[in-house]
Amino acid sequence: MVKENKINNSFLLSSDTLSWYGLDMVFMIAKDLGFDGIDLALWNNFDSWNIDYVKRLVDMYNLQIKVIQLSNNVNKKEIQYGLELAKELNVKNININAPKYYNRRATKFIAENLPLYQKTHSNVNFNIINPPKDYLLTLIPQYSFTNMAEIFKTYKLKVALDISNIEEEKFDLHLIKKIPNLLPYIPVVYLSDKDKLGKGHLGLWEWNMKIPTFLKKLKQLEFDGLFSLKLNIIKKDLADVDKIKLILKKSKMYYLENYVNLKI
């Protein structure tokens, strides 16, 4: 007997996928292709810093912003604006890109201030986006907040899981097995592909790792969070809107086939 999955997930378009476009164009493409909402990366769209303009786009396209994404150089001004926008648009998730290790100011700001923000804004999830693997041959790590368990236990924050930033071996052998215990601390999953050389944030159809297995596991566990498509599209390709739409459409069809329409 097929188990009915009653969870209504959303499939968002992360605006930094189209960082060379104006925000109006991002909304238009997302609406045309049937995305369920926008993951708004503040630092990559300067027009996103005008609340009235953002609200007009939300109303014009009838497309909600469901995630606000902050930079890896987060500061008081950026997070306060993110909170103001979240209040105006009823956004429940604010995702912060993990800062570079040498950016001690941003790291200290997160460590010292996010627990307080979490207490005073209990209706909002503050999530750290797990950074990519550090391939530098050095004893000094490239990023802060690389340990998911530490993010949960030490900082009392959740993780916006970017699967493209996880090593293939760890994804296959560890993450999929541990995901039942991790899922309560993961409100957002960033989906993208990577090639055999490890280049990540590509369209969802070339992966070496077990994305279908991962998505099947999430559906079995009735994951009730958000999915966000976060791609790294080169500037040359962005000049061809039809090509961009094809890349995004193929990724969405992959998600529908391997998650939404999957029979459990």
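Residues numbered from 1 in each chain as written. Predicted model: local features only at pLDDT ≥ 70, side-chain atom pairs only at ≥ 80, totals over all residues. Heavy atoms only, no water.

Enquirer: Would you take a moment to explain the side chain of Asn-165 for this structure?
Expert: Looking at where Asn-165 falls in the secondary structure, it is placed in the loop between strand S6 (158-162) and helix H6 (168-182). In contact with Asn-165, not counting residues within four places along its chain, are Asn-130, Pro-131, Pro-132, Lys-133 and His-201. (Helix = DSSP H or I, 4+ residues; strand = E, 2+ residues; numbered from the N terminus. Contact = heavy atoms within 4.5 Å.)

Enquirer: Looking at this structure, I do not really get the packing of aromatic side chains. What am I missing?
Expert: Given two aromatic rings, their pairing is described by the distance between the two centres and the angle made by the two planes. Throughout the structure, instances matching the rule amount to 13 aromatic pairs. Between Tyr-117 and Phe-126, the ring centres sit 6.3 Å apart and the planes meet at 40°, which makes this aromatic pair tilted. Across the pair, exposure class does not vary: Tyr-117 and Phe-126 are buried alike. Taking the centre distance of 5.4 Å and the plane angle of 55° together, the rings of Phe-171 and Phe-214 count as tilted. Highlighted residues: Phe-171 in helix H6 and Phe-214 in helix H7 (residues 211-220), separated in sequence by 43 residues. A single burial state applies to Phe-171 and to Phe-214, both of which are buried. Linked through ring pairs, Phe-11, Phe-35, Phe-223, Phe-227, Tyr-255 and Tyr-259 together constitute an aromatic cluster. Lying across the ring of Tyr-101, Arg-104 places its NZ or CZ 5.0 Å from the centre. Positioned over the ring face of Tyr-259 is Lys-219, at 5.8 Å from the centre of the ring. (Phe/Tyr/Trp six-rings, centres within 6.5 Å; stacked < 30°, edge-to-face > 60°. Buried < 20%, exposed > 50% of the residue type's maximum accessible area, 1.4 Å probe, protein only. Lys NZ or Arg CZ within 6 Å of the ring centre and 35° of its normal.)

Enquirer: Mind showing me how you'd approach the pairing of S6 here?
Expert: Here is the key point about a regular strand: its side chains alternate between the two faces of the sheet. With respect to burial, S6 is a largely interior element, four of its five residues being buried. Of the strand pairs in this sheet, strand S5 (residues 125-129) and S6 are connected by three bridges, and their pairing is parallel. Of the residues in S6, the one forming a bridge with Ile-128 is Val-159. For the segment spanning S6, H6 and strand S7 (residues 188-191), crossover handedness is right-handed. (Pairing = 2+ DSSP bridges. Right-handed = clockwise from strand over helix to strand, strands pointing away.)

Enquirer: What's the story with the packing of helix H1 (residues 23-32) against helix H2 (residues 51-61) in this structure? I'm lost.
Expert: In a pair of packed helices, the angle between the axes and the distance between the axes together describe the arrangement. In contact at an axis separation of 10 Å, H1 and H2 are set at 20° when each is read in the N-to-C sense. With respect to their mutual orientation, H1 and H2 come out roughly parallel. Here the hand of the crossing between H1 and H2 comes out right-handed. Counted together, Leu-23, Asp-24, Phe-27, Met-28 and Lys-31 of H1 and Tyr-53, Val-54, Leu-57, Val-58, Met-60 and Tyr-61 of H2 form the full contact between these two elements. When grouped by side-chain class, the residues that make up the contact of H1 with H2 number nine nonpolar, no polar and two charged. (Axes fitted to C-alpha atoms, helices over the stretch in contact; angles between N-to-C directions. Parallel < 35°, antiparallel > 145°, perpendicular 65-115°, else oblique. Left-handed = near helix turned anticlockwise from the far one by under 90°. Nonpolar A, V, L, I, M, F, W, Y, C, P; charged D, E, K, R; others polar.)

Enquirer: Whenever I open this one, the environment of Thr-120 confuses me. Can you help?
Expert: Relative to the helices and strands, Thr-120 is located in helix H4 (residues 104-120). At a separation of 3.0 Å, a polar atom in the side chain of Thr-120 contacts the side chain of His-121. (Polar contact = N/O pair within 3.5 Å; in protein donor to acceptor, adjacent residues only side chain to side chain.)

Enquirer: Explanation requested: the pattern of salt bridges in the structure shown.
Expert: Pairing is possible between side chains of opposite charge, provided their charged atoms come close. Scanning the model with the defined rule gives five salt bridges in all. Ionic pairing is found between Lys-230 and Asp-16, a salt bridge with its closest N-O pair at 2.4 Å. Highlighted residues: Lys-230 in the loop between strand S8 (226-229) and helix H8 (235-238) and Asp-16 in the loop between strand S1 (10-14) and H1, separated in sequence by 214 residues. The buried category is assigned to Lys-230, whose relative accessible area is 8%. Using a relative accessible area of 12% as the deciding quantity, one classes Asp-16 as buried. (Salt bridge = Lys/Arg side-chain N within 4 Å of Asp/Glu carboxyl O.)

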